[in-house]
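Structural overview
Spelled out, the chains give:
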Amino acid sequence: MHHFHYRGGVLHAENVDLREIAARVGTPVYVYSHATIERHLKVFRDAFASRSVGLFYAVKANGNLAVLKIVAQSGTGADVVSQGEIRKAMAADIAPEKIIYSGVGKTDEDLNFAIDAGLYQVNVETEGELMRLATLAEQKKKQVAVALRVNPAIGAGGHAKITTGTEDNKFGISTADAMRLYKDAQHYPFLKTVGLAVHIGSQIHDLAPLRETFVFLRKMAEDLRAQGLPLERLDLGGGLGVFYDREEEAKAGENRVQAYAAMVLDVMHGFDAHLSFEPGRLIMANAGLLLTKVITHNPRAQKKFLIVDAAMNDLARPALYEARHEIWPVKEGAASVAYSVAGPVCESGDTFGDNFMLPEQDRGDLVCLMSAGAYGSVMSSTYNQRQLAAEVLVSGDQWAVVRPRQSYDDLIRADSLPPWLKA
Ligand code: LLP
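The structure contained in this document is the topic of the report that follows. (Residues numbered from 1 in each chain as written. Predicted model: local features only at pLDDT ≥ 70, side-chain atom pairs only at ≥ 80, totals over all residues. Heavy atoms only, no water.)

To continue, consider the overall build of the protein chain. The helix and strand inventory of the protein chain stands at 14 helices and 21 strands. Expected size for 423 residues packed as a compact globule is a radius of gyration near 22 Å; at 23 Å, the protein chain falls within 12% of this value. In terms of overall dimensions, the protein chain has C-alpha extents of about 70 × 65 × 40 Å along its principal axes. Looking at the protein chain residue by residue over its 423 residues, the buried ones come to 54%. For the protein chain, restricting intrachain contacts to residue pairs at least 6 apart in sequence, the fraction spanning at least 24 positions comes to 69%. As displayed, the protein chain offers around 18300 Å² of accessible surface, 51% of which is attributable to carbon and sulfur atoms. Separation between the mean location of the 45 positive side-chain charges and that of the 51 negative ones in the protein chain comes to 2 Å. (Helix = DSSP H or I, 4+ residues; strand = E, 2+ residues; numbered from the N terminus. Rg over C-alpha atoms; globule rule 2.2 N^0.38 Å. Buried < 20%, exposed > 50% of the residue type's maximum accessible area, 1.4 Å probe, protein only. Contact = heavy atoms within 4.5 Å. Areas by Shrake-Rupley, 256 points an atom, 1.4 Å probe, with all protein chains shown as cover. Lys, Arg positive; Asp, Glu negative; His and termini not counted. Charge placed at Lys NZ, Arg CZ, Asp CG, Glu CD.)

Written out as structure tokens, the structure reads:
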């Protein structure tokens, strides 16, 4: 559920007319709904009301400072995968004791930063990382809470590029190695092994592979405890999918998060470990859209192309994962034309898809790429020397720019010339 609705035939974000944002900020612009973000956090939390669990929003989905501030104010923690994400989460007042640091390639500098910050937990993904962390923590004489990220050899996810849990994927430690390392880690006085972590992929709708993974993890945790090893926490990752298609969403019903929670609670019933979750997409995808303007038509023999001012550099998901984001017109009307909608970037890959049924669109009309709040702006680039898009947050009747559009001056100043080319 989200707070983007038609009112008087015009699409609004909460109570704000999207035409007003386009007129004042220009396009393309990402628009986020504060109420939707809060609602999604609450739905997740409520689904687990019967057990005290930890919620750590996956910053990678959308790391805008204003979004992180909403996360902080709701009492939610952060799951991060880089030093930049740690810094940004802390800048939004998410306490270090509420940050889980995942990631398959952490440098010594990153690990030192994490040790100094005093994070809730570092999810270690390789044997080498474990050894380096032990040494660095010892040098600093500071204890670090460590979970081992296990690769359960169970894959799932909406696309091969976002599946992480198979033997083929670079993530995590294989079961046998993790069992051995968990035991070995007890020899290092500054490592505190707190538990195990998994994350098998993203955009997962089928609960079966998730259940299989959690059953597997519980069994592993019980084996470790049976060896007398300390284990207090299980980090169950993120990955629960969202519907990018309204019809599919309606078919699936409203209670998917509850069904997921019921499955987890069932698998973990009677197992007294603290559970944590790292949802990203579920919180942010439907809380944002990308507002864009029609530049021109290009009617070809097979397709009616509608060229809009957003492109693959703004929203990479269609080009990268063949994702289809619904397109809604800002002015409501009878859907009478099948458009192929594409951006201005000079690649055929820069298309948002075919057969979008829309009212006839004129040059200057506004349309929205829906469900673009997660993995949208964060994955954008300046390809074709295009400015990074602006971002706006709406709350009720209010709205504010939470990232100004990059200026052409900034774009040019981002590079520098070597001395021999300056004269
Ligand atoms: N935890 C870890 C360790 C992760 O690697 C991820 C996502 C998450 C949590 C959050 O997963 P979520 O709840 O959002 O599914 N750019 C891709 C998605 C990449 C996901 C990477 N890891 C896309 O646009 O589909």
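Don't stop here, the text continues.
A separate point is the packing of aromatic side chains. Counted according to the given criterion, the structure contains ten aromatic pairs. A network of ring pairs unites the aromatic residues Phe 44, Phe 48, Phe 214, Tyr 260 and Phe 277 as a single cluster. The lysine or arginine in question, Arg 233, covers the ring of Tyr 120, its NZ or CZ lying 3.8 Å from the ring centre. The residue whose ring lies beneath Arg 324 is Phe 356, and the NZ or CZ to ring-centre distance is 3.9 Å. (Phe/Tyr/Trp six-rings, centres within 6.5 Å; stacked < 30°, edge-to-face > 60°. Lys NZ or Arg CZ within 6 Å of the ring centre and 35° of its normal.)

A few words on helix H1 (residues 18–25). An α-helical segment advances 3.6 residues per turn. Residues three or four places apart therefore align on the same side. Of all the positions in H1, only Leu 18, Ile 21, Ala 22 and Val 25 are classed as buried. Seen from one end, H1 has its buried residues packed into an arc of 100°, which puts them on one side. Seen from the open side of H1, the exposed residues pointing more than 90 degrees away from its buried face are Ala 23 and Arg 24. Just past H1, the residue Gly 26 takes up positive phi, approximately 85°. (Arc of directions from axis to C-beta.)

With that out of the way, let us pick up the pattern of salt bridges. Applying the stated rule across the entire model yields 23 salt bridges. We note a salt bridge from Lys 106 to Glu 129, for which the minimum N-O separation is 2.7 Å. Remark: Glu 129 occurs in helix H6 (residues 127–140) and Lys 106 occurs in the loop between strand S7 (99–101) and helix H5 (108–117); sequence separation between them is 23 residues. Note that Asp 177 and Arg 180 form a salt bridge whose closest N and O atoms lie 3.3 Å from each other. Pair noted here: Asp 177 and Arg 180 are both in helix H7 (residues 175–184), with a separation of three residues, about one helical turn. The class for Asp 177 is partly exposed, based on a relative accessible area of 33%. When salt bridges with common partners are traced through the structure, they connect Glu 127, Asp 177, Arg 180 and Asp 184 into a single cluster. (Salt bridge = Lys/Arg side-chain N within 4 Å of Asp/Glu carboxyl O.)

One can find Glu 14 in the loop between strand S2 (10–13) and strand S3 (16–17). The charged side chain of Glu 14 is buried without a salt bridge, its nearest counter-charge being Arg 7 at 8.5 Å. A distance of 2.8 Å separates a polar atom in the side chain of Glu 14 from the backbone nitrogen of Ala 35. Apart from residues no more than four positions distant in its own chain, Glu 14 is found in contact with His 3, Arg 7, Ser 33, His 34, Ala 35, Thr 36, Val 394, Ser 395 and Gly 396. (Polar contact = N/O pair within 3.5 Å; in protein donor to acceptor, adjacent residues only side chain to side chain.)

Within the fold, Asp 223 resides in helix H8 (residues 207–226). Here Asp 223 falls in the partly exposed class, since its relative accessible area comes to 30%. When the C-alpha atoms of Asp 223 and Met 179 are compared, they prove to be 8.7 Å apart, with 44 residues separating the residues in sequence.

Let us look at the sheet that holds strand S1 (residues 4–7). Across a sheet, paired strands are connected by hydrogen bonds in the backbone, their directions being either parallel or antiparallel. An order of S1-S2-S3 is seen for the three strands of this open sheet, with the pairing classed as antiparallel. The outermost strands of the open sheet, each flanked by one partner alone, are S1 and S3. (Pairing = 2+ DSSP bridges.)

The description of two helices packed together rests on the angle between their axes and the distance between the axes. Direction vectors running N to C along helix H2 (residues 34–47) and helix H3 (residues 65–73) enclose 40°, while the axes themselves pass 10 Å from each other. Classified by the angle their axes make, H2 and H3 are oblique. Seen from above, H2 lies across H3 with right-handed handedness. For the pair formed by H2 and H3, the contact residues are His 34, Ile 37, Glu 38 and Leu 41 on the first element and Val 67, Ile 70 and Val 71 on the second. Residue classes in the contact of H2 with H3 are distributed as five nonpolar, one polar and one charged. (Axes fitted to C-alpha atoms, helices over the stretch in contact; angles between N-to-C directions. Parallel < 35°, antiparallel > 145°, perpendicular 65-115°, else oblique. Left-handed = near helix turned anticlockwise from the far one by under 90°. Nonpolar A, V, L, I, M, F, W, Y, C, P; charged D, E, K, R; others polar.)

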